[in-house]
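Residues per chain are reported as follows:
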Amino acid sequence: MKVKVISRSTDEFTRERSQDLQRVFRNFDPSLRTQEKAVEYVRAVNAAKLDKIFARPFVGAMDGHMDAVSCMAKNPNYLKGIFSGSMDGDIRLWDIASRRTVCQFPGHQGAVRGLTASTDGRVLVSCGTDCTVRLWNVPVSTIMESDDSADNSAKPLAVYVWKNAFWAVDHQWDGNLFATAGAQVDIWDHNRSQPVNSFEWGKDTVISVRFNPGEPNVLATSASDRSITLYDLRMTSPARKLIMRTKSNSISWNPMEPMNFTAANEDCNCYSYDARKLDEAKCVHKDHVSAVMDIDYSPTGREFVTGSYDRTVRIFQYNGGHSREIYHTKRMQRVFCAKFSCDASYVISGSDDTNLRLWKAKASEQLGVLLPRERKKHEYLDAVKNRYKHLPEVKRIVRHRHLPKPIYKAAALRRTMTEAERRKEDRRKAHSAPGSILTKPLRKKRIIQEVE
Amino acid sequence: MGVKQENGTPGKVVPAIEQEISEELDMKVKKYLRGEGANLKVLQDKKLKGQLAVREELYGKSATAAAKAEKWLMPSEGGYLEAEGIEKTWRIRQESIAREVDISSSKNQYDIVLPDLGPYTLDFTSSGRFMAVAGRKGHLAVIDMKNMGLIKEFQVRETVRDVVFLHNELFFAAAQKKYLYIYNRDGTELHCLKEHGAAHRLQFLKNHFLLASINKFGQLHYQDVTMGEMVGNYRTGLGRTDVMQVNPFNSVVALGHSGGTVTMWKPTSSAPLVKMLCHHGPISALAFHPNGHLMATAGMERKIKLWDLRKFEVLQTLPGHAKTLDFSQKGLLAGGTGSFVQILGDFSGTQDYSRYMGHSMVKGYQIRKVLFRPYEDVLGIGHSMGWSSILIPGSGEPNFDSWVANPFETSKQRREKEVRSLLDKLPPETIMLDPTKIGNVRPARKKEKLTKEEKEAEMEAAIAAVKSNPLKKKTKGKNKPSKRVKKKQEVVVRAKRPYLEQQMKEQEDLSRKKQKTSEDIQLPKSLQRFARKKPSNIIVLKCSCLFIAFNILYKL
């Protein structure tokens, strides 16, 4: 007879001294954990609920401007700093961590309409309705210390006066050229008081300009004649133009897929285009209920933030038709500019109420340094939530957002209108000769023409 | 590798072992994969296919990792009992086992004789560390099995029918003469649950924190012990019973009735999920295999049956009687009747249970309850003269998981675990026959209406089948070629007829429907007043006929 029975000595399975860690034994046998799917489902529901509980995206407001914030610029070489310009000609450099003004750049007579920093982060370029372009030295030392003891207002490096008011400015990602938009597109060098090159296509005002992050000589502009135009600095004339039904207020290139850009349009939508194929939008991002004023891509290229005239900030997936997140407060007025921070974890919005607001990019993310166990727990809960996201209860909780009443009503109204339009179109189609009416998809519907 | 082995060189022996190991690992991986993966070949959507392929690969990797962990990292190995020579395992007595095993294990063999307050019933916590015992005449006790220390013992001075631990050893419920009571470990009465009535049998669903009871009127109660809410209260309508068991796999409660039926219940429906006739006489005991696919029932007609719960079929019928049945973690089946305990085991791996061990107690002892102690090779027996414990090698799971059930749990760990299990408390709706269905897509229903092509194909098939049948040889005069041709045609027509008839019927229905709808909108509204009104017309006609007839009569 051979016999063995389970026999455990307490010493082997418990700790020796009270300072030791408790010993942990694992057995992954599925029959020990019954109903694991139900347990996972319950965890997913709880995780979704917890996410809602911890969704506190608003970090703080940066107060100081005397007039509406009209534009902002990130410093590509310094994470904590952000520049903002206001309608009264004030330019400020903010320290995001302490949410205080580090430095002021006085000088503009009218509204500042465009701000940009050079790629090395040393020079700030501003332009405005007073027909001047000003170059400023970015004070590196005051950023580091960020004390407000000394006189922290800077003097401009150079002031270039030109013929027309400016609407926007953007610096090349690689090189020392920058482009301004106004009556035409002007290309400037840091050291020349006059533009080195000018482009004109049509007579209307150009309202925004953005350089391509991948190809330093390519830029895109939008104009008030409802066009989006692509330029190449190596050519003498603009390359391509696209005319839409409504004008685009702003453009942003996807930094990870630099052939794609997204335009923030007056008709409440954003349109993502492939620059090589302008006859059709790649994706239409709907959700805003009023004109979209500004757009900025996250450095990851997976999502972008938009600020809108409807007093909200929304975050979209680069390929998602609807927004992932909506941010609003009672005090925030029309949002004129919105930026993703350079580490993709914060969003900054500037609005009519003279404030800059700092938001978390992921509303319920835990700030600060995470312990490995905490991080693993978050990862597990995210995975579980992702696995059960299609189940009605989880989906309902994850999707739910509280909306201000005017936006809720406006969204409902817009829905009714589009639905009515669709119904009308359907009926017209049903009562016409087959094939005589062609419905265009929304991706093409808003495009009038593509001009080479 | 096989080829190398044939060469027989000494260096090639190692791969054989490796192969064996890999085969063993493959077997284990299968267990951790929890069923078949998704069939990616039928998918049209490339994106989905890619995502699922990544996912499947991940599952494969984690299963392999788990299998390897099981193979190499487990601290203990399972027990066994092997007979040598002409020995039979079921002839080996407890005394001889006690001589062979180590001292600490042989301490698990004992009889506690308490003749006054029996018969006794017992329950273990899920880690097997604590035991609650209840004597019929009112003796309640909680015992720490690690050091055999009596934690608390008290007398309630009325009938106690059953006792069950709640989620940990701090609380236990006792079914007493009139009501159900919940006590804590110190013997303080915390709750008196009057709604349950005189409960006969208790079960605790630990994933759901539900206390289930069946009372003497055959009412099944489910009470949430966290919030105190009565989740379900159902009349079984099948009479008084004291056979009740929870299926650990899906938390469905099964009841055995005196009519020979077994019914399975969930707290969210008033009708049983399953009602199966298992025996011809009353059912005396019921037990579930931990994997949930096997049920053992014992009937008064001296039969023990093993059922496959996936097909609801009998797998095996064994002769014998059992007043109480229990499955161990490793799948051994213990049955107790009179003063004899029989252990059955499945050694072929094909769910074919045969004799494994037996144990007879002192004559005259009446066994009331047998229960395997989790994570130990021990069987607890409650009987009329106290309780006993015997060694059954190979019955328990050798390796515990600290996060599931830890026999060496400290009070801090217990508190932590209580919070965690409360966070993961399942709602009662998650109790269903197949718990893996949660989060799955329900398979599409088969189409009920056939399309035109399918109908035609069916008819063609029927005709072809008829045509292929050879004609019978007929007697002279009836076998003319013309008659044969006619016969053939007739056969085809006959085969066609039902299909054509159905087709005609459908068409008729359709046209009738059309007529009905078209009648109303035949004429524009402005012209409808000129339309003939059929029924009234006929009456008018009839009247005029009568009138003419009268006129004619007058004139005559």
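As the structure is a prediction and not an experimental result, all values here were calculated from the model. (Residues numbered from 1 in each chain as written. Chains lettered and ligands numbered in written order. Predicted model: local features only at pLDDT ≥ 70, side-chain atom pairs only at ≥ 80, totals over all residues.)

If you tally the helices and strands in chain B, you get nine helices and 29 strands. Burial analysis of chain B (556 residues in total) assigns 33% to the buried set. By sequence separation, contacts in chain B at least 24 residues apart represent 47% of the contacts at least 6 residues apart. (Helix = DSSP H or I, 4+ residues; strand = E, 2+ residues; numbered from the N terminus. Buried ≥ 20, exposed ≤ 12 C-beta atoms within 10 Å, placed from the backbone. Contact = placed C-beta atoms within 7 Å.)

This part takes up the overall build of chain A. When you go through chain A residue by residue, the secondary structure sums to seven helices and 30 strands. Structurally, chain A occupies a C-alpha span of about 105 × 75 × 45 Å along its principal axes. Burial analysis of chain A (452 residues in total) assigns 39% to the buried set. Sequence-distant contacts, at least 24 apart, represent 50% of the contacts inside chain A between residues at least 6 apart.

Moving on, we come to the interface of chain B and chain A. Listed as interface residues are 53 residues of chain B and, on the opposing side, 32 residues of chain A. Only helix 2 (13-33), helix 3 (46-73), strand 1 (80-82), helix 4 (94-100), helix 5 (103-106) and helix 6 (411-423) of chain B provide two or more residues apiece to the side of chain B that touches chain A. Note: strand 1 (residues 2-4) of chain A against strand 1 of chain B, three bridges, orientation antiparallel. Residue pairing across strands places V3(A) opposite L81(B), the latter belonging to strand 1 of chain B. (Pairing = 2+ DSSP bridges.)

Before going further, it helps to examine the domain arrangement of chain B. Quite often, the size of an interface is put as the accessible area lost when its parts meet. What the domain assignment reports for chain B is domain 1 (2-73) and domain 2 (89-435). Computed over C-alpha atoms, the centres of domain 1 of chain B and domain 2 of chain B are 37 Å apart. (Domains from an automatic or database assignment.)

Here we come to the UniProt feature "repeat: WD" (unreviewed entry) in chain B. The UniProt entry lists residues 276-317 of chain B under the feature "repeat: WD" (unreviewed entry), expressed in the numbering used here. The distance from the first to the last C-alpha atom of residues 276-317 of chain B is 16 Å, and the span holds 0% helix and 60% strand. (UniProt positions renumbered as here; feature names shortened; annotations may be inferred.)

Strand pairing in a sheet is mediated by backbone hydrogen bonds. Such pairs are either parallel or antiparallel. Residues and elements named next belong to chain B. Taken together, the four strands give an open sheet; going across it, the order is 15-16-17-18, and neighbouring strands pair in antiparallel fashion. Of all strands in the sheet, those with a lone pairing partner are strand 15 (243-246) and strand 18 (274-277), marking the two edges. Geometrically, the sheet is characterised by an average inter-axis angle of 20° between neighbouring strands, direction not taken into account. In terms of strand pairing, strand 17 (residues 261-265) meets strand 18 through four bridges, oriented antiparallel. Along strand 18, the bridge assignment pairs V262 with M276. (Axes fitted to C-alpha atoms, helices over the stretch in contact; angles between N-to-C directions.)

Another point: the sheet that holds strand 18 (residues 240-244) of chain A. Residues and elements named next belong to chain A. What the five strands build is an open sheet, ordered 15-16-17-18-30; its pairing is antiparallel. With partners counted over all chains shown, the strands left at the sheet margins are strand 15 (206-211) and strand 30 (447-451), one partner each. The mean inter-strand angle of the sheet, taken between neighbouring strand axes irrespective of direction, is 15°. Summarising the sheet, strand 15 and strand 16 (residues 218-223) pair through five bridges and their orientation is antiparallel. Bridge pairing links F211 to L219 in strand 16.

Buried residues dominate strand 7 (residues 160-165) of chain B, accounting for six of its six residues. Linkage of strand 7 of chain B to strand 8 (residues 171-176) of chain B, two consecutive antiparallel strands, is achieved through a turn of five residues.

This paragraph deals with the UniProt feature "domain: Sof1-like protein" (unreviewed entry) in chain A. Mapped onto the present numbering, the UniProt feature "domain: Sof1-like protein" (unreviewed entry) falls on residues 361-447 of chain A. Measuring from the first to the last C-alpha atom of residues 361-447 of chain A gives 31 Å, for a span that is 62% helix and 1% strand.

Right, let's talk about unusual backbone geometry for a bit. Among all residues except glycine, the phi angle is most often negative; among peptide bonds, the trans geometry is most common. Residue P119(B) is bonded to the preceding G118(B) through a cis peptide linkage, with omega at -10°. Positive phi values are uncommon outside glycine, yet A344(A) reaches one of about 65°. Relative to the elements of secondary structure, A344(A) occurs in the loop between strand 27 (335-340) and strand 28 (346-351). Its 16 C-beta neighbours within 10 Å are what place A344(A) among the partly exposed residues.

Below, the discussion takes up helix 3 of chain B. Under the 1.5 Å per step criterion, the end-to-end length of helix 3 of chain B is 40 Å for 28 residues, consistent within 8% with the ideal 40 Å. Within helix 3 of chain B, burial applies to A66(B), A67(B) and E70(B). (Expected span 1.5 Å × (residues − 1).)

With that settled, the discussion passes to the packing of helix 2 (residues 36-54) of chain A against helix 4 (residues 372-387) of chain A. Residues and elements named next belong to chain A. The geometry of helix 2 relative to helix 4 is characterised by a closest axis approach of 8 Å and an angle of 105° between their N-to-C directions. With respect to their mutual orientation, helix 2 and helix 4 come out roughly perpendicular. On helix 4, the residues touching E40, R43, A44, A47 and A48 of helix 2 are L381, V384, K385 and R387. When its residues are assigned to classes, the contact of helix 2 with helix 4 shows five nonpolar, no polar and four charged. (Parallel < 35°, antiparallel > 145°, perpendicular 65-115°, else oblique. Nonpolar A, V, L, I, M, F, W, Y, C, P; charged D, E, K, R; others polar.)

Residue and element names in this part refer to chain A. If you trace the backbone, D120 turns up in the loop between strand 7 (112-117) and strand 8 (123-128). When the 11 C-beta atoms within 10 Å are taken as the criterion, D120 is described as exposed. In this structure, the C-alpha to C-alpha distance between D120 and V3, residues 117 residues apart in sequence, is 77 Å.

All names here are of chain A. Running from N to C, helix 2 and helix 5 (residues 392-399) point in directions that differ by 10°, and their axes come no closer than 9 Å. It follows that helix 2 is roughly parallel to helix 5 by the angle criterion. Here A44, V45, A48, K49 and K52 of helix 2 come into contact with helix 5, specifically with E393, V394, I397 and V398. Taken together, the residues of the contact of helix 2 with helix 5 sort by class into six nonpolar, no polar and three charged.

With that settled, consider the UniProt feature "repeat: WD" (unreviewed entry) in chain A. All names here are of chain A. Listed under "repeat: WD" (unreviewed entry) in the UniProt record, and renumbered for this structure, are residues 62-104, 105-146, 285-326 and 328-369. Its end C-alpha atoms 13 Å apart, residues 285-326 is made of 0% helix and 52% strand. A helix fraction of 0% and a strand fraction of 43% characterise residues 328-369, whose end C-alpha atoms lie 27 Å from each other.

Among the nonpolar cores identified, the biggest contains 91 residues, and A132(B), V133(B), F172(B), A174(B), L325(B), L333(B) and A334(B) are the most heavily contacted of them. Here A132(B) is in contact with L122(B), D123(B), V142(B), V163(B), F165(B) and F172(B), once residues within four sequence places are set aside. Residues I82(A), F83(A), Y273(A) and Y318(A) belong to the second largest nonpolar core, which totals 82 residues. (Core = buried A, V, L, I, M, F, W, Y, C linked by C-beta atoms within 7 Å.)

Its place among the elements puts K178(B) in the loop between strand 8 and strand 9 (180-184). For the pair formed by K178(B) and F130(B), sequence separation is 48 residues and the distance between their alpha carbons is 27 Å.

Attention now moves to the confidence of the model for chain B. Residue and element names in this part refer to chain B. The share of residues in chain B with pLDDT of 70 or more is 92%, and the mean pLDDT across the chain is 88. Note that residues 1-11 has pLDDT below 50 and, in this model, seven contacts with residues that lie over four places away or in other chains. Note on residues 536-547: pLDDT is under 50 here. Beyond four places in sequence and across chains, it has one contact. Across the interface, the model reports ipTM at 0.81; the global pTM reads 0.84. (pLDDT = per-residue confidence, 0-100.)

Residues and elements named next belong to chain B. Its place among the elements puts Y181 in strand 9. Taking the number of C-beta atoms within 10 Å as the measure of exposure, Y181 has 21 and is therefore buried. With eleven residues separating them in the primary sequence, Y181 and L170 have C-alpha atoms 14 Å apart. The contact partners of Y181, leaving out residues within four places of it in the chain, are A173, A174, Q176, E189, H191 and C192.

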